[in-house]
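Structural features, examined
Each chain, letter by letter, is given below.
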Amino acid sequence: MKKPFNYGGQAVIEGVMMRGPRTWAVAVRCPDNTVEVETRAVETITTRYPFLKWPFVRGTVVLVESLVIGVRALSYSANKAAGEEEKPISPLEMALTIGLAFGLAILLFIVLPVFLAHLLTPLVAGRIGQNVIEGLLRVGAFVAYVAGVGLMPDIKRVFQYHGAEHKVINAYEAGSELSPEAVQRYSPLHPRCGTSFLLLVIVLKIFIFSFLATDPLWWRVSSRILLLPVVAGLAYELIKLTALYARFPLARLVLAPGLAVQRLTTREPDDSQVEVALTAFEAVRVREEGDRDVREIGPSGSEIRGTQ
C-alpha cells in the first residue's frame with residue numbers, strides 16, 4: 001500500500017484550503033451555491049536553499065510559507081464568498097487587515113501576559129516562577145480568545161469548515177472512501193492541527209524562557225518576539241514526532257491538551273461543507289498522486305468550477 005502524504009489544510013471564509021508537498025488548492029462555496037476551486041503550485045525557498053529543510057530550521061520556514069499561502073487562500077475565499085456584486089478586497093486592504101491581526105496577536109499573547117506577570121513580581125518572584133505565571137496567563141488569553149470568537153456566527157462557520165478539513169484528512173489517512181457520508185464518520189480533531197501547534201509553542205516558551213532574565217521589562221518583551229522562530233522550530237519537530245507515534249502513551253499525553261483546545265476551534269460540519277473540503281483535497285491529490293478519479297459534480301448537485 002502506498003504511503004499517504006502528510007496533507008494539511010486551513011479553513012477559510014466559506015471554504016477550505018488543502019496543501020500537499022507540491023500543490024495547494026482552495027475551494028469556496030459561492031453565494032449561488034457553486035463551488036469555485038483554484039489550484040496553485042507550492043513555491044518554497046527550500047528548493048534554492050536545501051539547508052532550510054534541516055530539522056529545527058524547517059519549522060520556521062514551513063510556518064512562514066504556510067502563512068503566505070494562508071493569506072492568499074483567505075483573500076481568494078473572501079472575494080469569492082462575497083459574490084460578484086460586492087467590491088473585491090484589494091491587496092492593500094488585505095495587507096492592512098493581516099498586519100492589524102498580527103499586531104493584536106503580539107499585544108494579546110506576548111505583551112499583555114508579560115506585563116501582567118511583571119505586575120505580580122511582588123507575589124511571585126524568580127525566573128521560573130515568573131515564566132510559569134506568564135505562561136499560564138498566555139494560555140488563558142489564548143483559550144479565552146478562541147472561545148470568545150467562536151461565539152460569532154461567521155466564525156462558527158469557519159470552525160465548521162475547520163472540522164470538515166480534519167475529517168477529510170483523517171478519512172484519507174485511514175484509507176477510507178472519500179465521500180461526504182464516509183468522511184462524516186471521522187473525528188473533526190487532528191494531531192497535526194495548527195491549534196495544537198500554537199498551544200505547544202506557548203507551553204514550550206515556559207521552559208525555554210525560564211533560562212532568560214526577566215529584567216529589564218523591554219528585554220523580556222523583545223526576547224519573546226526575537227526567539228519565536230526558535231520556539232516554533234522546536235514545536236514543529238515535536239508535533240511531527242508525536243503525530244507519528246500517536247499510539248504511544250507519552251505521545252498521547254503531549255497531544256492531549258492541543259486536541260482538547262481543538263474542540264473550541266472545530267465544529268461538526270454539514271455535508272455541503274465536507275463536499276467543499278473534499279473538492280479542495282481532490283484538486284491537490286490529482287496533482288500530487290496522479291489520481292484522475294475526481295468528482296466533477298458534488299453529491300449535493302452543486303457545480304464545481306476550477307481554475308489553475
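The paragraphs below set out a description of the structure included in this document. (Residues numbered from 1 in each chain as written. Predicted model: local features only at pLDDT ≥ 70, side-chain atom pairs only at ≥ 80, totals over all residues. Heavy atoms only, no water.)

Moving on to the overall build of the protein chain. The helix and strand inventory of the protein chain stands at 10 helices and five strands. Taking 19 Å as the expected radius of gyration for a compact globule of 308 residues, we find that the protein chain reaches 20 Å, a close match to that expectation. Looking at the protein chain as a whole, 44% of its 308 residues are labelled buried. Looking at the protein chain alone, contacts between residues at least 24 apart form 67% of all its contacts between residues at least 6 apart. Carbon and sulfur atoms make up 67% of the accessible area of the protein chain, which amounts to about 16200 Å² in all. Seen as two clouds, the 32 positive and the 29 negative side-chain charges of the protein chain have centres 10 Å apart. (Helix = DSSP H or I, 4+ residues; strand = E, 2+ residues; numbered from the N terminus. Rg over C-alpha atoms; globule rule 2.2 N^0.38 Å. Buried < 20%, exposed > 50% of the residue type's maximum accessible area, 1.4 Å probe, protein only. Contact = heavy atoms within 4.5 Å. Areas by Shrake-Rupley, 256 points an atom, 1.4 Å probe, with all protein chains shown as cover. Lys, Arg positive; Asp, Glu negative; His and termini not counted. Charge placed at Lys NZ, Arg CZ, Asp CG, Glu CD.)

In this section: the nonpolar core. Of all hydrophobic cores here, the largest spans 24 residues; its most connected members are Met18, Val168, Leu178, Val183 and Phe281. Put simply, the parts of the chain that give this core at least two residues each are β2 (15-19), β3 (23-29), β4 (35-41), α4 (153-173) and α10 (271-289). Ranked by the residues each element gives to this core, the list is headed by α10, at eight residues. If near-sequence neighbours (up to four positions away) are discounted, phenylalanine 281 is found in contact with Tyr7, Met18, Val168, Tyr172 and Leu178. Counting 11 residues, the second largest nonpolar core, distinct from the first, contains Phe197, Val201, Ala232 and Tyr236. (Core = buried A, V, L, I, M, F, W, Y, C linked by side-chain atoms within 4.5 Å.)

Let's shift gears to the pairing of β3. The buried fraction of β3 is high, at seven of seven residues. Residues Thr23, Ala25, Ala27 and Arg29 line one face of β3 and the alternating positions Trp24, Val26 and Val28 line the opposite face, and both faces are buried. The pairing of β2 with β3 spans five bridges and is antiparallel. Across the sheet, residue glycine 15 finds its bridge partner in β3, namely valine 28. Linking β2 to β3, which pair antiparallel, is a turn of three residues. Between β3 and β4, which pair antiparallel in sequence order, lie five residues; one of them, asparagine 33, sits at a positive phi of approximately 75°. (Pairing = 2+ DSSP bridges.)

What the rule picks out here adds up to 11 salt bridges. Residue arginine 138 pairs with glutamate 134 through a salt bridge whose shortest N-O separation is 2.6 Å. Here arginine 138 pairs with glutamate 134, and both are found in helix α3 (residues 127-149), just four residues apart, close to one helical turn. Both residues of the pair, arginine 138 and glutamate 134, belong to the buried class. Overlapping salt bridges, with partners in common, bring together Glu134, Arg138, Arg220 and Arg224 in one network. (Salt bridge = Lys/Arg side-chain N within 4 Å of Asp/Glu carboxyl O.)

On the surface, a nonpolar cluster with roughly 480 Å² of combined accessible area is contributed by Ile45, Tyr49, Phe51, Trp54 and Val57. For phenylalanine 51, the location among the structural elements is in the loop between β4 and α1 (58-82). (Patch = residues over 30% accessible without salt bridge, like charges linked within 9 Å, V, L, I, M, F, W, Y side chains within 5 Å.)

On to the packing of α3 against helix α6 (residues 194-208), then. The geometry of α3 relative to α6 is characterised by a closest axis approach of 8 Å and an angle of 160° between their N-to-C directions. With respect to their mutual orientation, α3 and α6 come out roughly antiparallel. In terms of crossing hand, the pair formed by α3 and α6 is right-handed. Residue-level inspection shows Asn131, Val132, Gly135, Arg138, Val139 and Phe142 of α3 in contact with α6, the latter providing Thr195, Leu198, Leu199, Ile202, Lys205 and Ile206. (Axes fitted to C-alpha atoms, helices over the stretch in contact; angles between N-to-C directions. Parallel < 35°, antiparallel > 145°, perpendicular 65-115°, else oblique. Left-handed = near helix turned anticlockwise from the far one by under 90°.)

What follows deals with the environment of leucine 204. Structurally, leucine 204 is set in helix α6. Since its relative accessible area comes to 16%, leucine 204 is described here as buried. Separated by 28 residues in sequence, leucine 204 and alanine 232 place their C-alpha atoms 9.0 Å apart.

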